[in-house]
Amino acid sequence: MTTAHRTIDSAAREHAQELIRAWDPRPTVSGSALGSILGRVTSVDQVGVEERVASLRTRSIKKASKLWALDLAIRMMDLTTLEGKDTPGKIHALCQKAMRPMPGDPTIPSVAAVCVYPALVADAKEALKGSTVRVASVATGFPSGQTFRDIKVAETKAAIEAGADEVDMVIDRGAFLSGDYYAVFEEIVAVKDACGPTHLKVILETGELETYDNVRRASVLAMAAGADFIKTSTGKVVPAATLPVTLVMLEAIRDFERQTGRQVGMKPAGGIRVAKEAIQYLVVLYETLGPRWMSPDWFRFGASSLLNDVLMQIEKERTGRYQGPDHFTLD
């Protein structure tokens, strides 16, 4: 291992060993043990995945179920702004919308979280004081992940000290695509150790992983390293979230729980802009993982523009007519 990939401390290594043992009986964390885990990752039937998604897309649901699904989609949403021009004022406005998506209508729930850059975590935390909305912070050199591990760990700790309830880290795709899976694994373990009890979402950036097999392999690697959630994308790469990729990741979560007994959450992010798509994701989620995952504790949407369309669809279902886009605040 090069000096750029420093060894993780003993506490983090012990945590990793516990996770590895669920998949491999050998007592130490090593490249060969991780290789054994990844070697048992089965290849993905691309045709089967895409046919399954095509079938689930056609499912129709009744009006009452649709309203329930739209309400759930809001409660599962991580309302996100990750722009270089973000300001404390923009964060404050976003947090107000997160808490009260439709002012004057108390039946519309708050979203799950607001996702921001680390330097704006304190502003979001202050704006959300007294609410149930969590603050999620990206970290580890988002979106590229191309910086030194000690900086990634320090940034993670700084975000938590500023008040982050959740951390969304990015994996080193360059290392992964070069076959250096152990470096990626150790880095996730180190960041998870820095998080302590704070929930860690691991972003795979599936649009850069090239194949469904790589997506499944990266999903298993991240879960074995301690991820509380696995997440498709940063939203900065095209394609971002897709239903076939999400199905591959959900099936990896299902198989991981069967092997280890540990439940892991899922977050598709980027490119989900309309309510119809959100409902399709919920159908795929239910059909793959079942009712236990139909909760913001185990499934999130990473979105910046989805909320307004969901609100429009709720009004349509309730009143029979659409409100214009200017009826809602801009995200």
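One can find the structure itself at the top, above this paragraph.
What you see is a predicted model; the values in this text were computed from it and never measured. (Residues numbered from 1 in each chain as written. Predicted model: local features only at pLDDT ≥ 70, side-chain atom pairs only at ≥ 80, totals over all residues. Heavy atoms only, no water.)

Focus on the environment of Pro101
Step number 1: Tracing the sequence through the fold places Pro101 in the loop between α5 (88-99) and β2 (113-116).
Step number 2: Among the residues examined, Pro101 registers a relative accessible area of 5% and is labelled buried.
Step number 3: The spatial distance from the C-alpha of Pro101 to the C-alpha of Leu311 is 8.1 Å, given a sequence separation of 210 residues.
Step number 4: Once you skip the residues sitting within four places of it in the chain, Pro101 turns out to touch Ile74, Ile108, Pro109, Ser110, Leu307 and Leu311. (Helix = DSSP H or I, 4+ residues; strand = E, 2+ residues; numbered from the N terminus. Buried < 20%, exposed > 50% of the residue type's maximum accessible area, 1.4 Å probe, protein only. Contact = heavy atoms within 4.5 Å.)

So, the packing of helix α11 (residues 243-260) against helix α12 (residues 275-289)
Step number 1: One can describe the packing of α11 onto α12 by two numbers: an axis separation of 10 Å at closest approach and a directional angle of 25°. One element, α11, and the other, α12, form an angle in the roughly parallel class. The handedness of the crossing between α11 and α12 is right-handed. Across the interface between the two elements, Leu243, Thr246, Leu247, Leu250, Glu251, Ile253 and Arg254 from α11 touch Gln280, Tyr281, Val284, Leu285, Thr288 and Leu289 from α12.
Step number 2: Among the residues forming the contact of α11 with α12, the class breakdown is 8 nonpolar, 3 polar and 2 charged. (Axes fitted to C-alpha atoms, helices over the stretch in contact; angles between N-to-C directions. Parallel < 35°, antiparallel > 145°, perpendicular 65-115°, else oblique. Left-handed = near helix turned anticlockwise from the far one by under 90°. Nonpolar A, V, L, I, M, F, W, Y, C, P; charged D, E, K, R; others polar.)

Some points on the pattern of salt bridges
Step number 1: The tally for this structure, following the rule as stated, stands at 27 salt bridges.
Step number 2: Note that Lys90 and Asp86 form a salt bridge whose closest N and O atoms lie 3.1 Å from each other.
Step number 3: The exposure class assigned to Lys90 is partly exposed, which follows from its relative accessible area of 29%.
Step number 4: Classification of Asp86 by relative accessible area gives buried; the value is 11%.
Step number 5: For Asp168, the salt bridge goes to Lys201, with nearest N and O atoms at 2.9 Å. Here Asp168, found in strand β4 (residues 166-170), pairs with Lys201, found in strand β5 (residues 199-203); they are 33 residues apart in sequence, far enough to count as distant.
Step number 6: A residue is classified by how much of its surface remains accessible, and Asp168, at 0% relative accessible area, is buried.
Step number 7: Residues joined by salt bridges that share partners form a network here, namely Asp78, Arg134, Glu166, Asp168, Lys201, Lys231, Lys267 and Arg300. (Salt bridge = Lys/Arg side-chain N within 4 Å of Asp/Glu carboxyl O.)

As for the nonpolar core
Step number 1: Ile188, Val202, Ile253, Leu282, Leu285 and Phe301 are the most contacted members of the largest nonpolar core, which totals 95 residues.
Step number 2: Ignoring anything within four residues of it in the chain, the contact list for Ile188 reads Met169, Ile171, Leu200, Val202, Leu221, Ala222 and Ala225.
Step number 3: Grouped together as the second largest cluster of nonpolar side chains are 7 residues, Leu82, Cys115, Ala136 and Ile203 included. (Core = buried A, V, L, I, M, F, W, Y, C linked by side-chain atoms within 4.5 Å.)

Points about the sheet that holds β5
Step number 1: If you trace the 8 strands from one edge of the open sheet to the other, you get β7-β6-β5-β4-β3-β2-β1-β8, paired in parallel fashion. Strands at the two margins of the open sheet, each flanked by one partner only, are β7 (265-267) and β8 (301-303). Across the sheet, the mean angle from the axis of one strand to that of its neighbour is 25°, orientation sign disregarded. (Pairing = 2+ DSSP bridges.)

Here we look at unusual backbone geometry
Step number 1: Cis rather than trans, the peptide bond between Phe142 and Pro143 has omega equal to 0°.
Step number 2: Going from Val238 to Pro239, the amide bond is cis rather than trans, its omega being 0°.
Step number 3: Counting through the fold element by element, Pro239 comes out in the loop between β6 (229-231) and α11.
Step number 4: Positive phi outside glycine occurs at Glu205, with the angle close to 50°.
Step number 5: Mapped onto the elements of the fold, Glu205 is located in the loop between β5 and α10 (212-224).
Step number 6: Despite not being glycine, Glu210 has its phi angle at roughly 80°, a positive value.
Step number 7: With respect to the helices and strands, Glu210 occurs in the loop between β5 and α10.

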